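What follows is the residue order along each chain.
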Amino acid sequence: MKRHRVPVRISWRETVEKQGLFWHTQDGRPYWDESVAYEFTAAEIDQLEAAAAEWQRMYLVAAGEIVRNGWWSDVRISPAHVPLITKSWEKQEFSLYGRFDAVIDESGQPKLLEYNADTPTSLLEASVIQWHWLEQTRRHEDQFNSLHEKLIAAWKRSGLKRVHFSSFADCPEDEMTVVYLQDTAVQAGIETATIPIDQIGWNPERNAFVDQADEPMEALFKLYPWENMLCDAFAHHIPGSACQFLEPPWKLLLSNKGILPILWELFPDHPSLLPAFREPEPLGNTYVRKPVHSREGANVSIVENGVAVASEPGPYDDTGYIYQALARTQPHDGCWPALGLWIVDGEPAGMGIREDTSRITGNLSRFVPHWFR
């Protein structure tokens, strides 16, 4: 993996805005940054694809063990929510997508950091924006990116006829992620509709979640975390409704970082896993402390030799923590890249890269394109 300085397109802002990326600049700093790009070899891409497939397999094994053994407290799941998740798991309800966050260590080995299995974003950037960048600037190179085609194929396999798409109206990134996924569903021949999350209703006579026209929703794609959703006032209606949710409730087993110590227990010394525990002692005085529920690096701390060398604030400090070994990586020109390896319908589908001068990838970390040859 090599980091390159590359020329930017003259009208790159107008170009990416036409493709739906309106948040290319945040707080005066670039979020989409095409002044740099990462180059991979075909062998490295094959290795990353194989690693993503293996992580998906291991996560599903771990989820099954959680359900079979009742390890609910390890993943901070309330007993009240166990029947909903168990039923969803046993039915193997359709899952559309997810994103593994990973790094490549000093030896060239991919190492899993965590799984954004419920509400992953940066999809538009990974699927569309960087692909058009490649076509316009490096059309003779290739890219680990079959996201668009696999999303359409996944919708077709889902068997769904009509899907409502929902997010919060005040977040452009969430809105455009949902718009993009809705477009792939339309291309798959599915009838779609949109509804802001705060306008979803409940009709007691129909025993159904309903849209603005009081019509029952057959399926709902919601860019809204399950751990928040299950705390809302309407949550007690979810188990009895006929609405199919995307992502399904069983993804709660995969999306929280309480599963990382379970993975290490089930697959000890696996070369692509980092040791993870519920307490820091097995890791000595160097580790990463992560909340069980958190996003965009919030409330993550890196401790080296007993000293916190990096940390991010956030609202997740009351969810409990796990402790993970610090991956042995090196910066590239002073930047730390994190690889987002996408899963669609259970299969690897592409990659996006975020980088930062901080070792913790946060909300404003830059998205940069890649290619391989």
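In case you missed it, the structure is sitting above this.
Residues numbered from 1 in each chain as written. Predicted model: local features only at pLDDT ≥ 70, side-chain atom pairs only at ≥ 80, totals over all residues. Heavy atoms only, no water.

Visitor: What should I look at first to understand the overall build of the protein in this one?
Guide: Check the secondary structure of the protein and you find nine helices and 21 strands. For 373 residues, the compact-globule formula gives about 21 Å, and the C-alpha radius of gyration of the protein, at 20 Å, lands near that figure. Taking the principal axes of its C-alpha atoms as reference, the protein extends roughly 60 × 50 × 35 Å. For the protein, the share of sequence-separated contacts (at least 6 apart) that also reach a separation of at least 24 residues comes to 69%. (Helix = DSSP H or I, 4+ residues; strand = E, 2+ residues; numbered from the N terminus. Rg over C-alpha atoms; globule rule 2.2 N^0.38 Å. Contact = heavy atoms within 4.5 Å.)

Visitor: Where do I start with the pairing of strand E17 (residues 321–324) in this structure?
Guide: The two faces of E17 match: Tyr321 and Tyr323 on one face and Ile322 and Gln324 on the other face are all buried. The pairing of strand E13 (residues 276–277) with E17 spans two bridges and is antiparallel. Paired with Phe277 across the two strands is Tyr323, which belongs to E17. Pairing of strand E14 (residues 287–291) with E17 involves four bridges; the strand directions are antiparallel. By the bridge assignment, Lys290 is partnered in E17 with Ile322. (Buried < 20%, exposed > 50% of the residue type's maximum accessible area, 1.4 Å probe, protein only. Pairing = 2+ DSSP bridges.)

Visitor: Even after reading the chapter, I still don't get the packing of aromatic side chains, so can you show me in this structure?
Guide: Here a ring pair, both rings aromatic, is described through the centre-centre distance and the interplanar angle of the planes. The tally for this structure, following the rule as stated, stands at 17 aromatic pairs. Ring centres of Tyr59 and Tyr115 lie 5.0 Å apart, and the angle between their planes is 75°; on these two criteria the pair is classed as edge-to-face. One end of the pair, Tyr59, is in helix H2 (residues 42–69); the other, Tyr115, is in strand E6 (residues 110–116), with 56 residues separating them in the sequence. Look at Tyr115 and you get buried, because its relative accessible area is 4%. Relative to Phe221, the ring of Tyr97 lies with its centre 6.0 Å away and its plane at 50°, an arrangement referred to as tilted. (Phe/Tyr/Trp six-rings, centres within 6.5 Å; stacked < 30°, edge-to-face > 60°.)

Visitor: What exactly am I supposed to notice about the pattern of salt bridges here?
Guide: Should their charged atoms come close, side chains of opposite charge can pair. Under the defined criterion, the tally for this structure stands at 23 salt bridges. Arg278 serves as the salt-bridge partner of Asp74, at 3.3 Å between the closest nitrogen and oxygen. Here the residue Asp74 occupies a position in the loop between H2 and helix H3 (82–91), and Arg278 occupies one in the loop between E13 and E14, the gap between them amounting to 204 residues. The partly exposed category is assigned to Arg278, whose relative accessible area is 30%. Salt-bridge contacts for Arg278 lead to Glu265; the nearest nitrogen and oxygen are separated by 2.8 Å. Note that Arg278 is positioned in the loop between E13 and E14 and Glu265 in helix H9 (residues 259–266), a separation of 13 residues in sequence. (Salt bridge = Lys/Arg side-chain N within 4 Å of Asp/Glu carboxyl O.)

Visitor: Could you clarify how one ought to interpret helix H6 (residues 172–187) in this entry?
Guide: Because each turn of an α-helix spans 3.6 residues, side chains separated by three or four positions in sequence point in the same direction. Its 16 residues place the ends of H6 22 Å apart at the C-alpha level, agreeing with the 22 Å of an ideal helix rising 1.5 Å per residue. Along H6, the residues classified as buried are Glu173, Asp174, Met176, Thr177, Val178, Tyr180, Leu181, Gln182, Thr184 and Ala185. A positive phi of about 90° marks Gly189, the residue just after H6. (Expected span 1.5 Å × (residues − 1).)

Visitor: What is the right way to read the packing of H2 against H9 from this model?
Guide: Any two packed helices are characterised by how steeply their axes cross, that is the angle between the axes, and by the distance between the axes. One way to put it is that H2 packs onto H9 with a least axis distance of 10 Å and a crossing angle of 100°. Judged on the interaxial angle alone, H9 and H2 are roughly perpendicular. Here Met58, Tyr59, Ala62, Ala63, Glu65 and Ile66 of H2 lie close against H9, whose contacting residues are Ile259, Leu260, Ile262, Leu263 and Leu266. Partitioning the contact of H2 with H9 into residue classes produces 10 nonpolar, no polar and one charged. (Axes fitted to C-alpha atoms, helices over the stretch in contact; angles between N-to-C directions. Parallel < 35°, antiparallel > 145°, perpendicular 65-115°, else oblique. Nonpolar A, V, L, I, M, F, W, Y, C, P; charged D, E, K, R; others polar.)

Visitor: Explain helix H4 (residues 123–137) here, please?
Guide: Over its 15 residues, H4 runs 21 Å from end to end, which matches the ideal 21 Å to within 8%, given 1.5 Å per residue. Ile129 marks where H4 bends most, by close to 30°. Those residues of H4 lying buried are Leu123, Leu124, Glu125, Ala126, Ser127, Val128, Ile129, Gln130, Trp133 and Leu134. (Bend = angle between axes of the 7 residues up to and from the residue.)

Visitor: Which parts of the structure should I look at to understand the side chain of Glu227?
Guide: If you trace the backbone, Glu227 turns up in helix H7 (residues 226–229). A relative accessible area of 15% places Glu227 in the buried class. A polar contact is formed between the side chain of Glu227 and the side chain of Arg295, at a distance of 2.7 Å. For Glu227, the contacting residues outside a window of four places in its chain are Asp118, Leu252, His293 and Arg295. (Polar contact = N/O pair within 3.5 Å; in protein donor to acceptor, adjacent residues only side chain to side chain.)

Visitor: Got a minute to help me understand the side chain of Asn203 in this structure?
Guide: The topology assignment puts Asn203 in strand E9 (residues 201–203). You can call Asn203 buried: its relative accessible area is 8%. The residues contacting Asn203, other than those within four sequence positions of it, are Ala208, Val210 and Asp214.

Visitor: Would you take a moment to explain the sheet that holds strand E12 (residues 244–246) for this structure?
Guide: The pairing of strands in a sheet happens through backbone hydrogen bonds and is either parallel or antiparallel. Taken together, four strands build an open sheet; the order of strands is E8-E7-E11-E12 and the sheet is parallel. Lying at the two open borders of the sheet, with one neighbouring strand each, are strand E8 (191–194) and E12. With direction set aside, neighbouring strand axes in the sheet form an average angle of 25°. Bridging between strand E11 (residues 219–222) and E12 involves three bridges; their strand directions are parallel.

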